[in-house]
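Structural overview for review
Below, each chain spelled out in residue letters.
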Amino acid sequence: EPEVTQTPSHQVTQMGQEVILRCVPISNHLYFYWYRQILGQKVEFLVSFYNNEISEKSEIFDDQFSVERPDGSNFTLKIRSTKLEDSAMYFCATKQDSLNTGELFFGEGSRLTVL
Amino acid sequence: AQKVTQAQTEISVVEKEDVTLDCVYETRDTTYYLFWYKQPPSGELVFLIRRNSFDEQNEISGRYSWNFQKSTSSFNFTITASQVVDSAVYFCALPYSSASKIIFGSGTRLSIRP
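A brief structural summary. All residue numbers here refer to positions counted from 1 along the written sequence of the relevant chain. Labels follow written order: the first chain is A, the first ligand is 1, and so on. Only residues with pLDDT of 70 or above have their local features reported here, since the model is predicted, and side-chain atom pairs are shown and tallied only from 80 upward, although totals for entire chains, interfaces and linings are computed over all residues. Values shown for side chains rest on all heavy atoms present in the structure; no hydrogens or waters enter the calculation.

The subject of this paragraph is the environment of Thr13(A). Residue and element names in this part refer to chain A. Under the scheme used here, helices are H or I runs from DSSP no shorter than 4 residues and strands are E runs no shorter than 2 residues, and both carry numbers assigned from the N terminus. Here threonine 13 is to be found in strand E2 (residues 10–13). Remark: exposure states derive from per-residue accessible area (1.4 Å probe, protein chains only) relative to the maximum for the residue type, with buried under 20%, exposed over 50%, and partly exposed in between. On the accessibility criterion, threonine 13 (8% relative accessible area) is buried. Sequence separation between threonine 13 and phenylalanine 65 is 52 residues, and the spatial gap between their C-alpha atoms is 16 Å. Residues contacting threonine 13, with those up to four places away along its chain left out, are Val19, Thr82, Leu112, Thr113, Val114 and Leu115. Note on contacts: a residue pair is in contact if any heavy atoms of the two residues lie within 4.5 Å.

What follows concerns the pairing of strand E6 (residues 53–57) of chain A. Residue and element names in this part refer to chain A. Note: two strands are recorded as paired if DSSP finds a minimum of 2 bridges between them. Summarising the sheet, strand E5 (residues 43–50) and E6 pair through four bridges and their orientation is antiparallel. Bridge pairing in E6 links valine 47 to lysine 57. Joining the antiparallel neighbours E5 and E6 is a turn of two residues, in which asparagine 51 adopts a positive phi near 55°.

Right, let's talk about the pattern of salt bridges for a bit. Where charged atoms of side chains with opposite charge meet at close range, the side chains can pair. Residue and element names in this part refer to chain B. The rule for a salt bridge is simple: a side-chain nitrogen of Lys or Arg has to be within 4 Å of a carboxyl oxygen of Asp or Glu. Counted under the stated rule, the structure contains four salt bridges over all chains. Here glutamate 59 and arginine 51 are joined by a salt bridge, their closest N and O atoms 2.9 Å apart. Judged by relative accessible area, glutamate 59 falls into the partly exposed class, the value being 30%. Among the salt bridges present, the one from aspartate 86 reaches arginine 63, with a minimum N-O distance of 2.7 Å. With a gap of 23 residues between them, aspartate 86 in the loop between strand E9 (74–79) and strand E10 (88–96) and arginine 63 in the loop between strand E7 (59–61) and strand E8 (64–69) connect regions that are remote in the sequence. Taking the relative accessible area as the measure of exposure, arginine 63 reaches 24% and is therefore partly exposed.

The next subject is the nonpolar core. Definition used in this section: a nonpolar core is a set of buried Ala, Val, Leu, Ile, Met, Phe, Trp, Tyr and Cys residues joined via side-chain atoms within 4.5 Å. Grouped together as the largest cluster of nonpolar side chains are 24 residues, with contacts concentrated most on Trp36(B), Phe75(B), Phe77(B) and Tyr90(B). Of all elements in the fold, only strand E2 (10–14), strand E3 (19–21), strand E5 (33–39), E8, E9, E10 and strand E12 (108–113) of chain B reach the threshold of two or more residues within this core. Take this core: its biggest share by element is four residues, from E10(B). Not counting chain neighbours up to four residues away, the residues in contact with Tyr90(B) comprise Gln6(B), Leu21(B), Trp36(B), Tyr37(B), Lys38(B), Leu48(B), Tyr64(B), Phe77(B), Ile79(B), Gly107(B), Thr108(B) and Leu110(B). If you look at the next biggest cluster of nonpolar residues, it comprises 22 residues, including Ile26(A), Leu46(A), Cys92(A) and Leu112(A).

Quick look at the sheet that holds strand E1 (residues 5–7) of chain A now. Within a sheet, adjacent strands bond to each other through the backbone by hydrogen bonds, running parallel or antiparallel. Residues and elements named next belong to chain A. Pairing is antiparallel in the open sheet, where four strands are placed in the order E1-E3-E8-E7. With partners counted over all chains shown, the strands left at the sheet margins are E1 and strand E7 (65–68), one partner each. This sheet shows a mean twist of 15° between the axes of neighbouring strands, independent of strand direction. Across five bridges, the pairing between strand E3 (residues 19–24) and strand E8 (residues 75–79) is antiparallel. Looking across to E8, one finds that leucine 21 is bridged to leucine 77. Here an angle of 0 to 180 degrees is reported between the N-to-C directions of two axes, which are lines fitted to C-alpha atoms, with helices fitted over the stretch in contact.

Laid out in structure tokens, this is it:
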């Protein structure tokens, strides 16, 4: 069964460092998302991406965050200068089409710990 | 506005008991879908079910069943004869129509005691 793959599974970084989280979407999916889950809290939408541009972003997704799909396969989330409050599980999700009928397929998550 | 409410923060039952997880939603859409996801202790998000607002028939899949009632804007999830492996956080979710993202409820942590 096709799946969304995320790397790294866990990253520990110092405050102020740049972090890049990577996601390999399911091959025929066109819509990509990043979600964040702070430990013990709800899963929050960060950003959606389609046709090589951001479709929508939440208020969490400030100037420290960026996304891109540089090589047509990997979909990356970059945090330019990490803060303690960026510590969370980051989930990549993909969807085949734009309709609200389809479920999002989630990767296993990348746990980010900022010290 | 689109909103999903899971009022039960935590539920703990003894193995083999039946348990129902509640989900109440608000949507401005006339047609919509609802989802349930499971997050086991390992952390990944596992899709369980998608339901169309046109179809209010109960859905059963093994020990899992879902009761969708449009009149009360509820989409409840029942586990029959619960097992320890059912221990997880369960999220109800609703598409946010403007951008096709989905929004999640706050989740219900289910603990099944042996």
